[in-house]
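# Examining the three-dimensional arrangement
Next come the chains, spelled out residue by residue.
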Amino acid sequence: MLDIKFIRENKDIVEKAMRDKRREPVDLDQVLSLYDERKSLQQELEGINQKRKAAADARDIDAGKKLKEEAQVLDGKIAEKEKVFIAEMIKIPNIPSPDTPVGPDESGNKVLRTWGEKPQFSFEAKDHSELGVALGIIDTESAAEISGARFTYLFGDLVLMQFALLKLAFDTLTNEDTLKVIAEEAGLTVSTKPFTPALPPVMMKSAVMNRMARLHPIDERYHFEKDDLVLIGSAEHTLGPLYMDKIIEEKDMPVRYLGYSTAFRREAGTYGKDTKGILRQHQFDKIEMETFCLPEQSLTEQDFLVAIQEYILRKLKIPHQTVIICTGDMGGPDYRQIDLECWMPGQNTYRETHSSDLMQGYQARRLNTRVRRSDGKTEHVHMNDATVLAIGRTLIAIMENYQQADGSIQIPEVLRTYMGKNAIQKK
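For clarity, every value in this text was computed on a predicted model and none was experimentally measured.

A word on the environment of M399. Note that M399 resides in helix α13 (residues 391-401). Take M399: its relative accessible area is 0%, and that puts it in the buried class. It is 9.4 Å that separates the C-alpha atoms of M399 and S129, two residues lying 270 residues apart in sequence.

Nonpolar side chains in soluble globular proteins tend to be buried together. Membership of the largest hydrophobic core comes to 54 residues, with the highest contact counts inside it found for M161, I287, I308, I312, L316, V388 and L415. Ignoring sequence-local partners within four residues, the contact set of L415 consists of M161, A164, L165, L168, L316 and I398. Counting residues in each nonpolar core, the second largest holds 18 residues, with I4, V14, F85 and A213 among its members.

Before going further, it helps to examine the pattern of salt bridges. Taken as a whole and assessed by the stated rule, the structure comprises 27 salt bridges. Here D127 makes a salt bridge to K276, at a shortest N to O gap of 3.0 Å. Highlighted residues: D127 in the loop between β1 (110-115) and α5 (128-135) and K276 in the loop between β9 (255-264) and β10 (283-293), separated in sequence by 149 residues. Looking at D127, the relative accessible area reads 17%, which means it is buried. Judged by its relative accessible area of 53%, K276 falls in the exposed class. Ionic pairing is found between E250 and R373, a salt bridge with its closest N-O pair at 3.4 Å. Of this pair, E250 sits in the loop between β8 (247-249) and β9 while R373 sits in the loop between β14 (370-372) and β15 (378-380); the two residues are 123 residues apart in sequence, bridging distant segments of the chain. Overall, the relative accessible area of 23% leaves E250 in the partly exposed class.

Criteria and cut-off values
- Residues numbered from 1 in each chain as written.
- Predicted model: local features only at pLDDT ≥ 70, side-chain atom pairs only at ≥ 80, totals over all residues.
- Heavy atoms only, no water.
- Helix = DSSP H or I, 4+ residues; strand = E, 2+ residues; numbered from the N terminus.
- Buried < 20%, exposed > 50% of the residue type's maximum accessible area, 1.4 Å probe, protein only.
- Core = buried A, V, L, I, M, F, W, Y, C linked by side-chain atoms within 4.5 Å.
- Contact = heavy atoms within 4.5 Å.
- Salt bridge = Lys/Arg side-chain N within 4 Å of Asp/Glu carboxyl O.

Following this line, the structure appears as structure tokens:
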């Protein structure tokens, strides 16, 4: 959520953010009125509680009973105001950063930089699905019979490649020397504190996902209403609430996690889109970064996360472009969103494989995650999350960029030691 003081003092900026992000307008005057009414009721309740204490000290039972009844009535009114107030507050999106392009949809996104030469083939490039079926390493037909559409089986060397990618990612992000190289290459002055590996739960309470500002649109989630549990769409969904209603000491900042999990999305509204292969699945695996940092460091922290993403893709020698997402295409909680798109020869286009989301204090305010400064004062932390590798899409990029005329797939040099071979070939 945005800070109520910020909304009061910057109504025009908040209203512009709602328009630019194409969100349904919220009556800010009503929100401010609800806040003031709730505050007035809370002050009234505090006064009654003081009188109750005085009555208890004086052993005035009748007065105490009457004041208790008045307090209960006020508690109910406060709860009702709070419910309506929070319902309106969570509709208000975050303010986009000054360098975020204003645009209606993905057409307004801006390429910041590109890296790598697109491969030139002496043969007609195949897409990953055709390559995978021919090599016996992707089977969507059996998965469709057993689990339904948008599920798949991976076999053989493609499975080994998935775990090689995991090892590459974890070796990179847990090594401070490597992180120092990444920061230096990106020209960033930033902490190179390593990431803590994490295997997070893949289910979470709906109320907590809502506090993460990730529950909606609910059509995208697998929600088990009987248990009130939701399957996560990314490891950051259950890493972000780790410090919910807690205080982190300034000396411990930044706090960084490297999470690996299976993720689940309904892919509602994508009927008939990307149905071949493993590009758009209901179940997929991802490695994610989730960080908590001081407010004055969060922009540089995001730049560092993007630099890590770019470093790994350069190690894999996959051509890619770095894109800053415009207001109409970015997430509601995002202050700044930067995506990486890998070149997919089989589709003859760049496709999004990585995202980096800077929330500033938007999520932390909902989660009540704070930092205690060295002078004893507390404030909300800033939060970042970013993809290290979306495994399925990274496998696609490798398969399509490294395909050979005989149908085999060369293995990126950086993965060969992990896999113990140079190529994936038909058995």
